[in-house]
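Survey of secondary and tertiary structure
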Amino acid sequence: MREIRGKINGKGLKIGIVVAQFNELVTEKLLRGAVNELKQYNVEDDDITVAWVPGAFEIPRIAKKLSESGQVDGIIALGAVVRGETSHFDYVCSTSANGITDLSLNGQVPVMYGVLTTENMDQAMNRAGGKVGNKGAECATGVLEMIDLEREIISGDARA
């Protein structure tokens, strides 16, 4: 049996991060977690591009443009959608998730979905460096692993 696993090493990689400004109290913490994790795995500060968008709804479009630009090896999408009193939550969550899913399947580079969809602000803060970790940091290691895994498969040098 042959197993293929990506390695988590960012040396020489260029990473794009698309971050929603809406709920910036949360998204800033997600971004900080992602950047700190990328640096821990040898991604240079100059090799990280951060693009701020108004909200989670706009993340897929800018992530797509970044993917097509040839400037990055992988993308992290970060946002926070907190349920309110209207159905707006459902539309934003669905649209951002579907857009990133489509880009992940059909785009040029791996994309990690770090858009929190929570019932309240406490849940969001718990996932942005609180009790349950930092989704931004998780996405950072995930994108590095996916970049390596894809390269192994494409090059035919997949290690057992």
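Residues numbered from 1 in each chain as written. Predicted model: local features only at pLDDT ≥ 70, side-chain atom pairs only at ≥ 80, totals over all residues. Heavy atoms only, no water.

Another aspect to go through is the packing of helix 2 (residues 59-69) against helix 3 (residues 88-106). Helix packing geometry: the angle between the two helix axes and the distance between the axes. Running from amino to carboxyl end, helix 2 crosses helix 3 at an angle of 15°, the nearest separation of the two axes being 8 Å. If you check the angle between helix 2 and helix 3, you find them roughly parallel. Taken as a pair, helix 2 and helix 3 cross one another with a handedness that is right-handed. In this structure, helix 2 contributes Ile59, Pro60, Ala63, Lys64 and Ser67 to the contact, and helix 3 contributes Thr95, Ser96, Gly99, Ile100 and Leu103. Its residues assigned to classes, the contact of helix 2 with helix 3 shows 5 nonpolar, 4 polar and 1 charged. (Axes fitted to C-alpha atoms, helices over the stretch in contact; angles between N-to-C directions. Helix = DSSP H or I, 4+ residues; strand = E, 2+ residues; numbered from the N terminus. Parallel < 35°, antiparallel > 145°, perpendicular 65-115°, else oblique. Left-handed = near helix turned anticlockwise from the far one by under 90°. Contact = heavy atoms within 4.5 Å. Nonpolar A, V, L, I, M, F, W, Y, C, P; charged D, E, K, R; others polar.)

Moving on to the pattern of salt bridges. For the coordinates displayed, the defined rule picks out 8 salt bridges. The salt bridge involving Arg151 is made with Asp73; its shortest N-O contact spans 3.0 Å. Taken together, the residues span a long stretch of sequence, with Arg151 in helix 5 (residues 135-155) and Asp73 in the loop between helix 2 and strand 3 (74-82) at a distance of 78 residues. The partner of Asp90 in a salt bridge is Arg83, with the nearest N and O atoms 3.6 Å apart. A residue is classified by how much of its surface remains accessible, and Arg83, at 33% relative accessible area, is partly exposed. A single network of salt bridges, built from pairs that share partners, joins Arg83, Asp90 and Glu119. (Salt bridge = Lys/Arg side-chain N within 4 Å of Asp/Glu carboxyl O. Buried < 20%, exposed > 50% of the residue type's maximum accessible area, 1.4 Å probe, protein only.)

Treat this as a map of the structure, not an account of what it does.
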